[in-house]
Amino acid sequence: MLTGWIKRLVAPKAPSDQAVGLSALAPAEKFYAIGDIHGRLDLLQRLLPELEDDCTLVFVGDYIDRGECSAQVLRQLRHLDYNTDRRTTCLKGNHEDMLLGFLDDPKKFERVWLHNGGAQTLASFGLADIDLSEPEAVASELRKSMGEPLLEWLSDRPLTWTSGNTTVVHAALDPSQAIDRQHERTCLWGHPLFRKKQRKDQQWVVHGHTIVDQPHVEHSVISIDTGAFVSDQLTAAEISPGSVRFISTTRTGIVRIPA
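The shown structure was predicted, so the numbers you read here are calculated from the model rather than taken from an experiment.

## Here's the deal with the overall build of the chain
Counting its secondary structure elements, the chain contains 9 helices and 11 strands. Computed over the C-alpha atoms, the radius of gyration of the chain is 18 Å, within 12% of the 18 Å expected from 2.2 N^0.38 for a compact globule of 259 residues. Dimensions of the chain, computed from the C-alpha atoms along their principal axes, are close to 55 × 40 × 35 Å. When each of the 259 residues of the chain is scored for burial, the buried share is 54%. Long-range contacts, defined as pairs at least 24 residues apart, comprise 64% of the intrachain contacts of the chain with a sequence gap of at least 6. Carbon together with sulfur atoms contributes 49% to the accessible area of the chain, which is approximately 11700 Å² in total. In the chain, which carries 28 positive and 35 negative side-chain charges, the distance between the mean positions of the two groups comes to 5 Å.

Set out below in structure tokens:
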């Protein structure tokens, strides 16, 4: 049974929507969008071999916190981004933003980050036993443990990625604003009209951040955060013109689900 705070993160389960029809979905290329990982290196390593090597990977953010292997997840994603031939884009999520905020202003962000899984991230960087009563010292040690190359990479994460009429973002887009005029807070934390008001520019949106029981398509929105840190289900959406297929880890293997 989900605890109360997790229930508040979970969006109501929505039926697959065909009012617009997948025929309107028109990315310029076939790609995979991968949902919130939250330190679950085991699920990431199980999912990646199931994705075709010649397709772009787009990660929606929230790589850290809650799970036990945040440091390892970040290092693997940076390796994918910089050191392989595979086209990879890693977007910023609100949890990366909280970590970066903590490093810049430890006293201001200490409570919000640590209470949202930051302690597990500290432990993954070898700081499980650090004294939390001095946030500036904690931030200094975390900077040393992360190293400048990883910090620079994390700070440089974009907010959106677009191919054709399909945009990937961490949390949401303001449906009344153009893609290139979105506020950072909306992209990272959401917008009250995101799932209620349909965009007029025919742009499809792929997002994570809000946990859903199962990945689904509704009103030109593709939702793929299946709560990996608690459900063991990490989801990738295989998106191509006119087609969406979901590939998810389970406790026993991999499942493939048409939209």
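Next comes the rest of the write-up.
## Focus on the packing of aromatic side chains
Overall, the coordinates contain 2 aromatic pairs when judged by the stated rule. Both rings, one in Phe31 and one in Trp161, keep their centres 4.8 Å apart while their planes meet at 65°; by these two values the pair is edge-to-face. In this pair, Phe31 is assigned in strand E1 (residues 31-34) and Trp161 in strand E4 (residues 160-163), connecting sequence segments 130 residues apart. When sorted by exposure, Phe31 lands in the same class as Trp161, which is buried. Measuring from ring centre to ring centre gives 5.1 Å for Phe102 and Trp113, while their planes differ by 35°; the resulting arrangement is tilted. Highlighted residues: Phe102 in helix H4 (residues 94-104) and Trp113 in helix H5 (residues 106-124), separated in sequence by 11 residues. The side chain of Arg66 reaches across the aromatic face of Phe229, ending 5.1 Å from its centre.

## Some words on the sheet that holds strand E2 (residues 56-59)
Paired through backbone hydrogen bonds, the strands of a sheet run either parallel or antiparallel to each other. Read across the open sheet, the 6 strands follow the order E3-E2-E1-E9-E10-E11; overall the sheet is mixed. Strand pairing shows two members of the sheet lacking a second neighbour, strand E3 (88-90) and strand E11 (254-258), which therefore form its edges. Sheet twist, expressed as the mean angle between neighbouring strand axes with direction ignored, is 20°. As defined by bridge partners, E1 adjoins E2 across 4 bridges and the pair is classed as parallel.

How each quantity is defined
- Numbering of residues starts from 1 in every chain and runs along the sequence as written.
- Owing to the predicted nature of the model, reporting of local features is limited to residues with pLDDT of at least 70; listing and counting of side-chain atom pairs is limited to 80 or more, with chain, interface and lining totals taken over all residues.
- In computing side-chain properties, one takes all heavy atoms of the structure into account and sets aside hydrogens as well as water.
- Each helix is a run of DSSP H or I of at least 4 residues and each strand a run of E of at least 2, with the numbering of both proceeding from the N terminus.
- C-alpha atoms define the radius of gyration in this analysis, and the globule rule sets the expected value at 2.2 Å times the number of residues to the power 0.38.
- Using a 1.4 Å probe on the protein chains alone, a residue whose accessible area is under 20% of its type maximum counts as buried, one over 50% counts as exposed, and one in between counts as partly exposed.
- Contacts: residue pairs with any heavy atoms within 4.5 Å of one another.
- Using a 1.4 Å probe, the Shrake-Rupley method yields the accessible areas, and only the shown protein chains count as cover for residues.
- The charge count includes Lys and Arg as positive and Asp and Glu as negative, but it does not include His or the ends of the chains.
- Every charge is mapped onto a representative atom, which is NZ of Lys, CZ of Arg, CG of Asp or CD of Glu.
- Each aromatic pair joins two rings of Phe, Tyr and Trp (for Trp, the six-membered one) with centres within 6.5 Å, and gets the label stacked for planes under 30 degrees apart, edge-to-face for over 60, and tilted for any other angle.
- Two conditions define a charge located above a ring, namely a distance within 6 Å from the ring centre to NZ of Lys or CZ of Arg, and an angle within 35 degrees of the ring normal.
- DSSP-based pairing: two strands are paired if at least 2 bridges between them are found.
- Inter-axis angles, ranging from 0 to 180 degrees, are taken between N-to-C directions of lines fitted to C-alpha atoms, where helices are fitted over the stretch in contact.

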